[in-house]
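# Coordinate inspection notes
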Amino acid sequence: MFFLKERLAEIAKLIKKGDRVADIGTDHAYLPIFLRQQEISPAVLACDIRALPLKSAMKNVSESGVTGIGFRLCDGLSGVEKSEVDTVVIAGMGGECIAGILARSWAENSKKRFLLQPMNSPEELRRYLCERYTLISETAVIDGRPYTIMEVLAEKCPIEDKEKFIYCGKLNPEKREDKEFLSKQYARLKKCADSIKSVPKEADKYEEYYAAARCIENFLR
Ligand SMILES: C[S@@+](CC[C@H](N)C(=O)[O-])C[C@H]1O[C@@H](n2cnc3c(N)ncnc32)[C@H](O)[C@@H]1O
């Protein structure tokens, strides 16, 4: 039996039984192997932009003995047809990198489900999503450190409070893991603000970081 660590296990939990999945940036293919082993997905595409990780994905899949996993060497979704998948997972990359993958793809207005797990700059990913996608839910998980996972529908939805959306997403400060994630984001943005506080040419950037940190601080109160 194959087990996933907390971060990938949480993503796996969010995949609906019967959904065909594309795992973009699969690397080791742990998620595709788990989804097939548990018979959660009938078919999974393990995709990576680099040949070496894809080779390691193929080796792990072959050693696991599972079937139903296809491999694509491609940038983001460029090697995946819209009709081949129900849910797309993009995990373990930076927030801006994930936004770039979405921007270069057929994702917008596709009405497909996306599970996005940025390793950094979640605000840059939400900034991209807010004009084009619907953030259905967001949850943090602790796996050594806190990570956030966004469940997104590729369908436009108006947002009332854009600043709160960008910096706090749909996290719930009453949930321990979400609170821990938000507190870390607050500390990071506050540190960025403090580091340029007395640099006159960075005044605009300082205001931006400071406002972002204050937004999270208010949400946590
Ligand atoms: C840190 S690993 C994440 C592995 C796995 N998704 C996880 O969350 O544990 C990031 C992987 O994404 C791949 N990658 C980076 N940019 C990509 C892109 N534009 N399209 C597809 N794969 C990409 C890298 O080659 C690498 O194998």
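Residues numbered from 1 in each chain as written. Predicted model: local features only at pLDDT ≥ 70, side-chain atom pairs only at ≥ 80, totals over all residues. Heavy atoms only, no water.

Each helix and strand counted, the protein chain has 8 helices and 7 strands in total. Compactness check: the protein chain gives a C-alpha radius of gyration of 18 Å against a globular reference of 17 Å for 221 residues, within 12% of the reference. Its C-alpha atoms give the protein chain principal-axis dimensions of about 55 × 35 × 30 Å. The contacts in the protein chain between residues at least 6 apart in sequence include a share of 66% that link residues at least 24 apart. Only carbon and sulfur atoms are counted for the fraction: they give 50% of the accessible area of the protein chain, which is about 11200 Å². One finds the centroid of the 36 positive side-chain charges in the protein chain at a distance of 1 Å from the centroid of its 34 negative side-chain charges. (Helix = DSSP H or I, 4+ residues; strand = E, 2+ residues; numbered from the N terminus. Rg over C-alpha atoms; globule rule 2.2 N^0.38 Å. Contact = heavy atoms within 4.5 Å. Areas by Shrake-Rupley, 256 points an atom, 1.4 Å probe, with all protein chains shown as cover. Lys, Arg positive; Asp, Glu negative; His and termini not counted. Charge placed at Lys NZ, Arg CZ, Asp CG, Glu CD.)

What follows covers the pattern of salt bridges. Under the defined criterion, the tally for this structure stands at 17 salt bridges. For Glu84, the salt bridge goes to Arg72, with nearest N and O atoms at 2.9 Å. Here Glu84, found in the loop between strand E3 (69-73) and strand E4 (87-93), pairs with Arg72, found in strand E3; they are 12 residues apart in sequence, far enough to count as distant. By relative accessible area, which is 24% here, Arg72 ends up partly exposed. Through salt bridges with shared partners, one network takes in Arg176, Glu177 and Glu180. (Salt bridge = Lys/Arg side-chain N within 4 Å of Asp/Glu carboxyl O. Buried < 20%, exposed > 50% of the residue type's maximum accessible area, 1.4 Å probe, protein only.)

What follows is about the state of the cysteines. Evaluated as defined, the whole model comprises 0 disulfides. There is no disulfide at Cys130, and the cysteine sulfur nearest it, in Cys157, is 11 Å away. For Cys215, which is in no disulfide, the shortest distance to another cysteine sulfur is to Cys168 and amounts to 4.3 Å. (Disulfide = S-S within 2.5 Å.)

Taken domain by domain, the protein chain comprises domain 1 (6-160) and domain 2 (172-221). Each of domain 1 and domain 2 was reduced to a C-alpha centroid, and the two centroids are 28 Å apart. Of the roughly 810 Å² buried at the junction of domain 1 and domain 2 (both faces included), carbon and sulfur atoms supply 57%. For the domain 1 face of the interface with domain 2, the top three residues by lost area are Ala140, Ile142 and Pro146, together amounting to 52%. Our count for the contact surface shared by domain 1 and domain 2 stands at 1 salt bridge. Put simply, Glu123 and Arg188 hold a salt bridge, and the shortest N to O gap is 2.8 Å. Counting the contacts that link domain 1 with domain 2 gives 4 residue pairs in polar contact (both at pLDDT 80 or more). Secondary-structure elements contributing two or more residues to the side of domain 1 that touches domain 2 are helix H5 (122-129), strand E6 (134-143) and strand E7 (145-153). By residue number, the principal contributor to the side of domain 1 that touches domain 2 is E6, which donates 5 residues. The residue inventory of the side of domain 1 that touches domain 2, partitioned by class, reads 6 nonpolar, 3 polar and 4 charged. (Domains from an automatic or database assignment. Buried area = accessible area lost by both parts, 1.4 Å probe. Polar contact = N/O pair within 3.5 Å; in protein donor to acceptor, adjacent residues only side chain to side chain. Nonpolar A, V, L, I, M, F, W, Y, C, P; charged D, E, K, R; others polar.)

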